[in-house]
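# Secondary and tertiary structure notes
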Amino acid sequence: MAEPKIVVRGLNKVFQRKNDELVVLQDVDLTVAAGEFVCLLGPSGCGKSTLMNIIGGFETATSGTVTIDGAPVEGPDSRRVFVFQEYGVFPWASVWDNVALGLRKLGRDEQHDRIQHYIDLVGLKGFEKTYPSELSGGMRQRVAVARALAVKPDVVFMDEPLGALDSLTRLKMRAELLRIWQEEGMTILFVTHDVEESMQLADRVVVMSPRPGRIAEIVPIVAPHPREIDAPEYAETKARLYRLLGVTHSF
Amino acid sequence: MRYELWPFITVALAATVFFGSRLLKERAQQIVLPLATFAVFVSFWQFGCDLKKYELRDPATGTVKLLEVFPTPGQTALELGRMLQDGTLLRYTVASLYRVAIGFGLAVLIGTPLGLWMGWSTRAFRAVNPLAQGLRPISPIAWIPVAILWFGVEDASAIFLIFIATIFPIVTGAYTAVHSIPSVYVRSARNFGLERTELFRYVVFPASLPQIIGSLRLALGIAWMVIVAAEMIAVQSGLGYVITDARNGNNYARVCGAMVCLGVLGILLDLGMRQLQKLDEVRWGFSNVA
């Protein structure tokens, strides 16, 4: 394995409620290599988003440590960028200005080139002056991706980024995402509850079990892209993932 | 004749237009339908005037005339024409608009930053909001004696009243706008390293702008109502003054003329505010605006 990028050790997260405590994450250990594409797979409420929020520095753990490049995570950082399910694309700014958000400190020319490059990369050439409300859901998600990638992050956190898209657009966006990942080589942590999505994208699938959220198993998917996940050689992995999620795969 | 015929014909025509308008294109409907309703309103106005008439006998000739107690639409239009000719309409309209512009402008300049600050800082909100909510329900009319005491029967009195009437809706609108910014925007911005002034400039302000403009529109409507009350008592000019002055002279056509003028200008002011909502930077917040 390549050098570890993200190291999570003995992580616990407990929410205090009125009369009791809710254990959201219990004893989570996870190591993610640099340049790896890791999917966190699990049913809703299993703590996968919480785990990613802690790794990204948006929430704090009750106990345990998270280090990235050997340094403990102390808060959000523009080297590690989130893409949210609800995008977080600013409706008051054009596509161009949205992508420019993280590039305020660059010189004019470099900023200009960088913005254009990433707008082109996500296939939004010609939409630079368009406002998000005039774009489709898929295009808005591309703006979020371009905005995240434009700061050349080491790590991209994606919290069900394709969840709100229709199934066809979702398939297209998966392929785009893989292409961009292969071009840019960053580490991706990707939360999903979709088994096939995780199989299509991930080097390793981290399956989580709910209440308290813990890692049930880590399933490597060793196959080159693009993957025909309906092919017979994937059947066993698919059945295993479904079984881990508590679903008997009988359809 | 006691009753004018045209209101009945107009109402019948308007009804025909209303039921026939489904055949018209949308653009034509937008013009024809409001005109029809307007015509019905004027017809009812005329009909109402015809209901109550009194007899006036000319002592010289002995002929009896039937006169309306309340000014008819026609008499009002004539009076408006006279006001336009002798210059009172323009002079007093400008006077009212000037006071509203200054009072409302001051309220925007002070209220918007104050509201944004209260929206962003929990401590500012806790400190200022109880007082603001206590002052807000006091009717601007209750401030009239205070205004006269402080500023005399001058422009400043009316301006102060407009200010008092509009600042609270503006402040409330601004902090409510900040409070309702979806957290995903702030989180995204923080993720890209935006803090303090940058966060404010790139996120907090643009994100709350549509709601702020909405509350400014509301506040300007309030200002336009309050100016009449203010001018009736606190100054000696303006459209509000025209109304009291005309009433004292028993010239009800002039009262109605001033009211028509207030209505028309109110529409124009709101139209102006609605243009603001069409800007690219805020249009996203008004998906339902035609």
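Residues numbered from 1 in each chain as written. Chains lettered and ligands numbered in written order. Predicted model: local features only at pLDDT ≥ 70, side-chain atom pairs only at ≥ 80, totals over all residues. Heavy atoms only, no water.

## A look at the overall build of chain A
When you go through chain A residue by residue, the secondary structure sums to 7 helices and 10 strands. Relative to its length of 251 residues, chain A is compact, with a C-alpha radius of gyration of 18 Å against a globular reference of 18 Å. Dimensions of chain A along its principal axes, counting C-alpha atoms only, are 50 × 45 × 40 Å. Among the 251 residues that make up chain A, the fraction classed as buried is 53%. A separation of at least 24 residues holds for 68% of the contacts in chain A among residues at least 6 apart in sequence. In chain A, which carries 29 positive and 34 negative side-chain charges, the distance between the mean positions of the two groups comes to 3 Å. (Helix = DSSP H or I, 4+ residues; strand = E, 2+ residues; numbered from the N terminus. Rg over C-alpha atoms; globule rule 2.2 N^0.38 Å. Buried < 20%, exposed > 50% of the residue type's maximum accessible area, 1.4 Å probe, protein only. Contact = heavy atoms within 4.5 Å. Lys, Arg positive; Asp, Glu negative; His and termini not counted. Charge placed at Lys NZ, Arg CZ, Asp CG, Glu CD.)

## Observations concerning the domain arrangement of chain A
Residues and elements named next belong to chain A. Domain parsing of chain A yields domain 1 (4-79 + 154-244) and domain 2 (90-152). Here domain 1 and domain 2 have C-alpha centroids that lie 25 Å from each other. If you look at the interface, domain 1 gives 15 residues, while domain 2 gives 12 residues. Taken together, the two surfaces of domain 1 and domain 2 that pack against each other cover about 1000 Å², and 63% of this comes from carbon and sulfur. Sorting the residues of domain 1 by area buried against domain 2 places M173, I180 and E184 first, and these three jointly supply 37% of that buried surface. The interface formed by domain 1 and domain 2 holds 1 salt bridge in total. The salt bridge involving R142 is made with E176; its shortest N-O contact spans 3.4 Å. Taken together, the links from domain 1 to domain 2 amount to 4 residue pairs in polar contact (both at pLDDT 80 or more). Of all the elements in the fold, those that place two or more residues in the side of domain 1 that touches domain 2 are β7 (155-159) and α5 (167-184). Residues belonging to the side of domain 1 that touches domain 2 are distributed by class as follows: 8 nonpolar, 2 polar and 5 charged. (Domains from an automatic or database assignment. Buried area = accessible area lost by both parts, 1.4 Å probe. Salt bridge = Lys/Arg side-chain N within 4 Å of Asp/Glu carboxyl O. Polar contact = N/O pair within 3.5 Å; in protein donor to acceptor, adjacent residues only side chain to side chain. Nonpolar A, V, L, I, M, F, W, Y, C, P; charged D, E, K, R; others polar.)

## Things to note about the packing of helix α4 (residues 88-120) of chain B against helix α10 (residues 239-248) of chain B
Residues and elements named next belong to chain B. Interhelical geometry of α4 versus α10 gives an angle of 130 degrees and a closest axis separation of 7 Å. What the angle tells us is that α4 and α10 run oblique. Every residue of α10 that contacts α4 at Y92, T93 and S96 is listed here: L239, Y241 and V242. The class makeup of the residues in the contact of α4 with α10 is 4 nonpolar, 2 polar and no charged. (Axes fitted to C-alpha atoms, helices over the stretch in contact; angles between N-to-C directions. Parallel < 35°, antiparallel > 145°, perpendicular 65-115°, else oblique.)

## Some words on the packing of helix α5 (residues 122-135) of chain B against helix α7 (residues 155-179) of chain B
The geometry of a pair of packed helices is captured by two quantities: the angle between their axes and the separation between those axes. Residue and element names in this part refer to chain B. Put simply, α5 and α7 touch, their axes get as near as 10 Å, and they point 140 degrees apart. The orientation of α5 relative to α7 falls into the category oblique. Handedness of the crossing formed by α5 with α7: left-handed. Contacts between α5 and α7 pair F125, N129, A132, Q133 and L135 from the former with F168, T172, Y175 and H179 from the latter. For the contact of α5 with α7, the residue count by class is 5 nonpolar, 4 polar and no charged. (Left-handed = near helix turned anticlockwise from the far one by under 90°.)

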